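Now for the letters of each chain:
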Amino acid sequence: MVFNSVVFLFCFLPLSLLVYYITPGRAKNLVLLAESLLFYCWTGITFLPLIVCLILFNYVWGLLTSVLGTKLRGFMPLVAVLVNLGVLVYFKYANFLIDTLNQITNFGIATLKIGDVLPLGISYYIFKIISYEVDVYTGKVKAERNLLTFSCYVLFFPQLIVGPIVKYRDMADQLHKTKGRCTLPQIEHGVELFVFGLAKKVILADSIGALWTDIIGNGGIGLANVSTPLAWLGIIAYSLQLYFDFAGYSEMSNGLAAMLGFDCPINFDLPYISGSITEFWRRWHISLSGWFRDYIYIPLGGNRKGKARQLLNMLLVWAATGIWHGASWNFICWGLYYFVLLTVEKLFLLKYLKKGRVWPHLYTLFFVVLGWGIFTANQPGAPLALLMQKLFVFQGGISPVYYLRNYGVLLILGCICSSAFPRWLWQKISRCTPLKLFLFAVLIIMCIAYVVAATNATALYANF
């Protein structure tokens, strides 16, 4: 069940909010856990025992870590790594590692029968759990003694699909708040965030992304047949689609959390207006970048042990960032690609970027868009070698004119909406309450229309 589905918007969300709001404060966590379990199990209970076992293990782990002596506590991080990262590696990377080993050694090791679908949100809730473990071990937070509260943190349904990866210490006070958890201003803010995120997803991301699908998707024209200008147009469309899809989901997540009484940090802060790759990663998927900084980069020594050690730490972090996104070599290459760019900036380029006005933004956009070409290379129909050839060796082929005519307005709208202009405009509009309410109602109606239309199109396609 996704946030932009008819079932979620018209059944699960209103009913879950209604029950949650009428429930007394002391019982809200119980209702929240029940709703999160229902959301998690909506498509099946296959992986329910897995997440229940992980919750119980890490709950007990936290309690033991808080009471054991110094010597025994030294074994606890090793146990946590073996269990939690072991689960993640098994489900997400085991067959990738086996295939790679077979290619190198010709051992012929049989792949594991894990299934085609990963456990819902496993990359996100494992990272949330690890942040809790590290913070308990280092004394930044006390171990949670209430199993219900800890379960709510791990299973919190607004963050199950795409995060953000919110640390336990940032949610603990709100999870323990029994009175006045939900306020009207907070609910209003949550509704606003959710609708804006939904609009980014269903109006912009899905519509703009259709251009890239028309090129590489089943029944598309095929990447081999496109001209160089159309290849660039397609990868730009994919870059916009990826941003609005991911940022839209994150905004919906934060909106849902706010409606439930939780303040969660922003996860995307207009990354495409950045003037350097360094700034881009301070604005893109902020919770993930912060997680790697706090739990890998700084523990490895950060920048405190000399330049060479700092570069090694960056290499390890960006290799891990790449593979976190998926079990494929293109993701690892994508992570190392950013390691090279950030190293160049750190060594000498950043000081020049800070002095520039226009060219730093053009430089950043060029390399970010190119990076998304590496990122998407695992998709069928978009081999990396062919895509790079189409982008950098000028070739004839299908002209972009037809696609500019069909998608031009959407592309322009996408560029505008990825800038600071909409945020500034909404602040101006918000000063006039009637106008604000009218435009907000129009946006809601448009979102509903797009969701229903997409649902009908999917049902019609399934009937064929």
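Look above for the structure.
These numbers were taken from a predicted model, which means no experiment stands behind them.

Engineer: Explain the overall build of the chain here, please?
Structural biologist: What the chain contains, in helices and strands, is 19 helices and zero strands. Computed over C-alpha atoms, the radius of gyration of the chain comes to 23 Å, within 12% of the 23 Å expected from 2.2 N^0.38 for 464 residues, which places it in the range of a compact globule. Overall, the C-alpha framework of the chain stretches about 70 × 60 × 55 Å when taken along its three principal axes. In the chain, which comprises 464 residues, the share counted as buried stands at 50%. Look at the contacts in the chain between residues 6 or more apart in sequence, and 74% of them connect residues 24 or more apart. Side-chain charges of the chain comprise 35 positive and 19 negative groups, with the mean position of each set lying 8 Å from the other.

Engineer: Could you clarify how one ought to interpret unusual backbone geometry in this entry?
Structural biologist: In the segment running from G163 into P164, the intervening peptide bond is cis, with an omega of 5°. Inspection of the secondary structure assignment puts P164 in the loop between α7 (147–155) and α8 (168–175). Of note in the backbone geometry, H285 takes a positive phi value of approximately 45° without being a glycine. Secondary-structure assignment places H285 in the loop between α11 (277–283) and α12 (286–297). Exposure remark for H285: the relative accessible area of 0% places this residue in the buried category.

Engineer: Honestly, the state of the cysteines in this entry has me stumped. Any pointers?
Structural biologist: Structurally, a disulfide amounts to a covalent bond that connects the sulfur atoms of two cysteines. Within the structure shown, the criterion is met by zero disulfides. Here C417 stays unpaired: no disulfide links it, and the sulfur of C415, its closest cysteine neighbor, is 9.6 Å away. C417 gets classed as partly exposed once you look at its relative accessible area, which sits at 23%.

Engineer: Would you mind showing me how to read the nonpolar core here?
Structural biologist: Nonpolar side chains in soluble globular proteins generally cluster together in the buried interior. Ranked by internal contacts, the top residues of the largest apolar core, which has 136 residues, are F8, Y125, F194, F262, Y338 and W372. Examining the composition of this core, we find that 17 residues originate from one element, helix α10 (residues 228–259), more than from any other.

Each value, and the rule that gives it
- Residues numbered from 1 in each chain as written.
- Predicted model: local features only at pLDDT ≥ 70, side-chain atom pairs only at ≥ 80, totals over all residues.
- Heavy atoms only, no water.
- Helix = DSSP H or I, 4+ residues; strand = E, 2+ residues; numbered from the N terminus.
- Rg over C-alpha atoms; globule rule 2.2 N^0.38 Å.
- Buried < 20%, exposed > 50% of the residue type's maximum accessible area, 1.4 Å probe, protein only.
- Contact = heavy atoms within 4.5 Å.
- Lys, Arg positive; Asp, Glu negative; His and termini not counted.
- Charge placed at Lys NZ, Arg CZ, Asp CG, Glu CD.
- Disulfide = S-S within 2.5 Å.
- Core = buried A, V, L, I, M, F, W, Y, C linked by side-chain atoms within 4.5 Å.

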